[in-house]
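Here are the chains, one letter per residue:
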Amino acid sequence: MQAKLLKLLALTLSLTIFSSAFANPSEPTEAGGENDIKKEIKQDISHHLQDSYDFHLFTDKETNTHYGFPLPVILWDGGLHVFMSSKFHHGEDIAESNGNYYMLHHNHIYKTDAEGTVKYDDEGHIINEKPFDISITKNVFVSICVALMIFLFFSGMAKHYKSGPLPKGFGRLMEPLVIFIRDEVARPNIGDKHYRNYMGYLLTVFFFIWFLNMFGLTPLGINVTGNIAVTFALALITFVITQFTANKNYWQHIFWMPGVPYPMRIILAPIELLGVFIKPFALLIRLYANMSAGHVVMMSLIGLLFIFHNWFARGAFLGLTLFLSIIEFFVALLQAYIFTMLSALYFGMAVEEHGHH
Amino acid sequence: MEKLISEFSLGLFFWQTLIFLGLLFLLRKFAWRPIMAAVQEREDNIENSLKSAEQAKKEMEELQAKNQDLLKEAREERDKMLKEAKDAKDRIVSEAKTKAKEEADKLLAQARQDIHNEKQAAVGEMKQMVASFSVEIAEKIMKEELAVDKHQKLVNTYLEDLKLN
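Residues numbered from 1 in each chain as written. Chains lettered and ligands numbered in written order. Predicted model: local features only at pLDDT ≥ 70, side-chain atom pairs only at ≥ 80, totals over all residues. Heavy atoms only, no water.

Undergrad: Explain the overall build of chain A residue by residue, including any values.
TA: Within chain A one finds 9 helices and 8 strands. Here chain A holds 357 residues, and 46% of them are scored as buried. Put simply, of all contacts in chain A between residues at least 6 apart along the chain, 60% involve residues at least 24 apart. Counting only carbon and sulfur atoms, one obtains 67% of the accessible surface of chain A, whose full area is about 18600 Å². (Helix = DSSP H or I, 4+ residues; strand = E, 2+ residues; numbered from the N terminus. Buried < 20%, exposed > 50% of the residue type's maximum accessible area, 1.4 Å probe, protein only. Contact = heavy atoms within 4.5 Å. Areas by Shrake-Rupley, 256 points an atom, 1.4 Å probe, with all protein chains shown as cover.)

Right, here's the structure in full:
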């Protein structure tokens, strides 16, 4: 099992590096080419961080062919509009759906007319109307795949317990983590009395974030957890669960802090109330910032391999990239753990039976 | 911050929430509940097994201690019995000895008495016989030589003096 895992790790690492190498095939041959390549790398990184309407693997710039597959676009614009993103031809064409015209510009869909008129404001921003967009984007697609995978893995693991008390295969690897979340995260933070109610959420959020983070390290160019909407959704659920399971004691500590003089209570109330919102906000920013920063650093380092022509420098950057990849594996787990840990901490505050005042 | 807000995609947020809640619901039902139950059950089992092993060990120790006590008791009992038997033997032997000695003494005394009596009787008879012999002898002498009456008295006196002891 361990050997298999190591092999998988090595494979993933090497793929990360080589696929990036394929993604940037052209070498600068003329003066000013270096600037072009820097610009290209910058573009690649910003594109990678963004969501997209198709699953793009890489582009052959010489023949200008994109490799990947389109994903469905779902728009609500006075009626449902569903079509494949291939209609846009990577932003080159205007897509027509039930008499409405849409265009793709920098990964945003705008409503337009048959000629593709684009209106700009004074600052050069597009002011075309944006339809309500619930497309199955790349991040949504990956999330669905990962969710499906997690479900299959863990429901399979659950089935194994029916045949005996010990887990088999995948479960053997995951069970210590499940027990860790229970004994080191949920129990000490929430307390023996209430922790059971939160186990489902904590385990789900931990494995979901961890798996998504891990997929972000594959060469498929996935960056789900480094997306603010994703972390916002997760943090919002933590927030909602915290507020809806909170007891009287919790609210009392926010609006009428016991044990301090009355005037202080009035001052503390808005601060505490602000804290209620800051906590999940910190949660969402932390995960987003860590994951996207990790991706930026990794891609920048890989980009440097193409800027330097010195083999010694390339070797050094290759080593550094490899080293950072390993660090990122750790970060992927760590961020999932921190998110889970802090969620547990907030739940613990919400159900605390008596204050320490 | 502005960039963050412009990057924020409502559609992605919508799907993410939906996917996550769906996953949460499904996992709770089909994975976490059975897994947690199985783990809990296994842990309880282990704990119970350990406890019962501890109990068994304790019982074993108690049993052993009991056995030891029993053995000790039995040994004491045996020693006591042996001692008693020895005492009884000694007593019986000494009693027998005493009895035998008494019997012997009694027999001896009896024998002495008998001997004494026999001797007395024999002596008496002998005296009688000696007297009658003497008388007969004296008579024969008297008859032949002297007047019997004159010497009879003298002879008796001598016989009286001749006490056989």
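Undergrad: Any details on helix 7 (residues 248-255) of chain A? Residues and values, ideally.
TA: Of all the positions in helix 7 of chain A, only N249, Y250, H253 and I254 of chain A are classed as buried. For helix 7 of chain A, the angular spread of buried residues about the axis comes to 140 degrees, placing them on one side. (Arc of directions from axis to C-beta.)

Undergrad: Just give me the short version of a nonpolar patch on the surface, but keep the residues and values in it.
TA: Together, W251, F255, W256, Y262, I266, L273 and F277 of chain A give the surface a local cluster of nonpolar side chains, amounting to about 720 Å² of exposed area. Secondary-structure elements contributing two or more residues to the nonpolar patch are helix 7 and helix 8 (262-307) of chain A. (Patch = residues over 30% accessible without salt bridge, like charges linked within 9 Å, V, L, I, M, F, W, Y side chains within 5 Å. Salt bridge = Lys/Arg side-chain N within 4 Å of Asp/Glu carboxyl O.)

Undergrad: If you had to explain the pattern of salt bridges to someone new, which residues and values would you point to?
TA: Opposite charge on two side chains permits pairing when their charged atoms draw close. In total, this model carries 8 salt bridges over all chains according to the counting rule given. For R42 of chain B, the salt bridge goes to E175 of chain A, with nearest N and O atoms at 2.8 Å. One end of the pair, R42 of chain B, is in helix 2 (residues 10-144); the other, E175 of chain A, is in helix 4 (residues 170-190), on a second chain. Take R42 of chain B: its relative accessible area is 12%, and that puts it in the buried class. On the accessibility criterion, E175 of chain A (8% relative accessible area) is buried. In this structure, the salt-bridge partner of D183 of chain A is R182 of chain A, at a minimum N-O distance of 2.9 Å.

Undergrad: I'd like to hear about the nonpolar core, residue by residue, with values.
TA: Grouped burial of nonpolar side chains is what soluble globular proteins tend to show. One finds F154, Y201, F207 and F208 of chain A together with I35 of chain B to be the most contacted residues of the largest nonpolar core, which totals 78 residues. Of all elements in the fold, only helix 3 (138-163), helix 4, helix 5 (195-216), helix 6 (228-245), helix 8 and helix 9 (311-351) of chain A together with helix 2 of chain B reach the threshold of two or more residues within this core. Mapping this core onto the domain boundaries places at least three of its residues in each of domain 1 (66-135) and domain 2 (139-351) of chain A. Not counting the four nearest positions on each side in its chain, F207 of chain A is found in contact with I150, F154, M174, L177 and V178 of chain A together with W32 of chain B. Residues I45, I307, F317 and L324 of chain A belong to the second largest nonpolar core, which totals 11 residues. (Core = buried A, V, L, I, M, F, W, Y, C linked by side-chain atoms within 4.5 Å. Domains from an automatic or database assignment.)

Undergrad: So, the sheet that holds strand 7 (residues 108-112) of chain A: which residues are in play, and what are the values?
TA: All names here are of chain A. Across the sheet, which stays open at both edges, the 3 strands sit in the order 5-6-7 with antiparallel pairing between neighbours. Edge positions in the sheet fall to strand 5 (95-97) and strand 7, since each has one partner strand and no second. Taken pair by pair, the neighbouring strands of this sheet meet at an average axis angle of 35 degrees, ignoring direction. The pairing of strand 5 with strand 6 (residues 100-105) spans 3 bridges and is classified as antiparallel. Bridging from a neighbouring strand, S97 pairs with N100 of strand 6. (Pairing = 2+ DSSP bridges. Axes fitted to C-alpha atoms, helices over the stretch in contact; angles between N-to-C directions.)

Undergrad: Account for the interface of chain B and chain A, naming residues and giving values.
TA: Every contact between the two is made by 33 residues of chain B and, on the other side, 54 residues of chain A. Where chain B abuts chain A, roughly 3600 Å² becomes buried across the two surfaces, and 78% of that area is made up of carbon and sulfur atoms. Inspection of the region where chain B meets chain A yields 2 salt bridges. As a salt-bridge pair, R182 of chain A and E43 of chain B come within 2.7 Å of each other at their nearest N and O atoms. Counting across the interface, chain B meets chain A through 8 residue pairs in polar contact (both at pLDDT 80 or more). Contributions of two or more residues to the side of chain B that touches chain A are made by helix 1 (2-7) and helix 2 of chain B. The biggest single contributor to the side of chain B that touches chain A is helix 2 of chain B, with 27 residues. Split into classes, the residues belonging to the side of chain B that touches chain A amount to 23 nonpolar, 6 polar and 4 charged. (Buried area = accessible area lost by both parts, 1.4 Å probe. Polar contact = N/O pair within 3.5 Å; in protein donor to acceptor, adjacent residues only side chain to side chain. Nonpolar A, V, L, I, M, F, W, Y, C, P; charged D, E, K, R; others polar.)

Undergrad: Which residues make up the environment of A350 of chain A, and what values go with them?
TA: The topology assignment puts A350 of chain A in helix 9. Given a relative accessible area of 0%, A350 of chain A falls into the buried group.

Undergrad: Could you give an account of the packing of aromatic side chains, naming the residues involved and the relevant values?
TA: Per the stated rule, a full pass over the model turns up 31 aromatic pairs over all chains. When the centroid spacing of 4.9 Å and the interplanar angle of 55 degrees are considered together, the rings of F154 of chain A and W32 of chain B count as tilted. Linking F154 of chain A in helix 3 with W32 of chain B in helix 2, this pair reaches from one chain into another. Judged on exposure class, the residue F154 of chain A and its partner W32 of chain B are both buried. A centroid spacing of 5.1 Å and a plane angle of 75 degrees characterise the contact between Y250 of chain A and W251 of chain A, whose relative ring orientation is edge-to-face. Residue classification places W251 of chain A among the partly exposed positions, given a relative accessible area of 31%. Among the aromatic residues, those joined into a cluster by ring pairs are F153, F154, F170, F206, F207, W210 and F211 of chain A together with W32 of chain B. Here the guanidinium or amino end of K138 of chain A rests over the ring plane of F55 of chain A, the centre of that ring lying 5.3 Å away. Over the ring of Y262 of chain A we find R265 of chain A, and its NZ or CZ is 4.7 Å from the ring centre. (Phe/Tyr/Trp six-rings, centres within 6.5 Å; stacked < 30°, edge-to-face > 60°. Lys NZ or Arg CZ within 6 Å of the ring centre and 35° of its normal.)

Undergrad: Go over the domain arrangement of chain A with me, naming the residues and quoting the values.
TA: Split into domains, chain A comes out as domain 1 (66-135) and domain 2 (139-351). Its C-alpha centre places domain 1 of chain A at a distance of 33 Å from the equivalent point of domain 2 of chain A.

Undergrad: Tell me what's going on with the environment of F347 of chain A, and back it up with residues and numbers.
TA: All names here are of chain A. Within the secondary structure, F347 sits in helix 9. Since its relative accessible area comes to 0%, F347 is described here as buried. When neighbours within four sequence positions are excluded, F347 is seen to be in contact with I190, Y198, Y201, L202, T238, I241 and T242.

Undergrad: Hey, could you go over a negative patch on the surface for me, with residue numbers and the actual values?
TA: Residue and element names in this part refer to chain B. The grouping of D69, E73, E76, E77, E84 and D87 at the surface amounts to a negative patch. Its place among the elements puts E76 in helix 2. The exposure class of E76 is partly exposed, given its relative accessible area of 48%. (Lys, Arg positive; Asp, Glu negative; His and termini not counted. Charge placed at Lys NZ, Arg CZ, Asp CG, Glu CD.)

Undergrad: So what's going on with the packing of helix 8 of chain A against helix 9 of chain A? Residues and values would help.
TA: Residue and element names in this part refer to chain A. At a closest axis distance of 10 Å, the pairing of helix 8 and helix 9 adopts a crossing angle of 175 degrees. Of the possible angle classes, the one that applies to helix 8 and helix 9 is roughly antiparallel. Residues belonging to the contact of helix 8 with helix 9 are distributed by class as follows: 22 nonpolar, 6 polar and 4 charged. (Parallel < 35°, antiparallel > 145°, perpendicular 65-115°, else oblique.)

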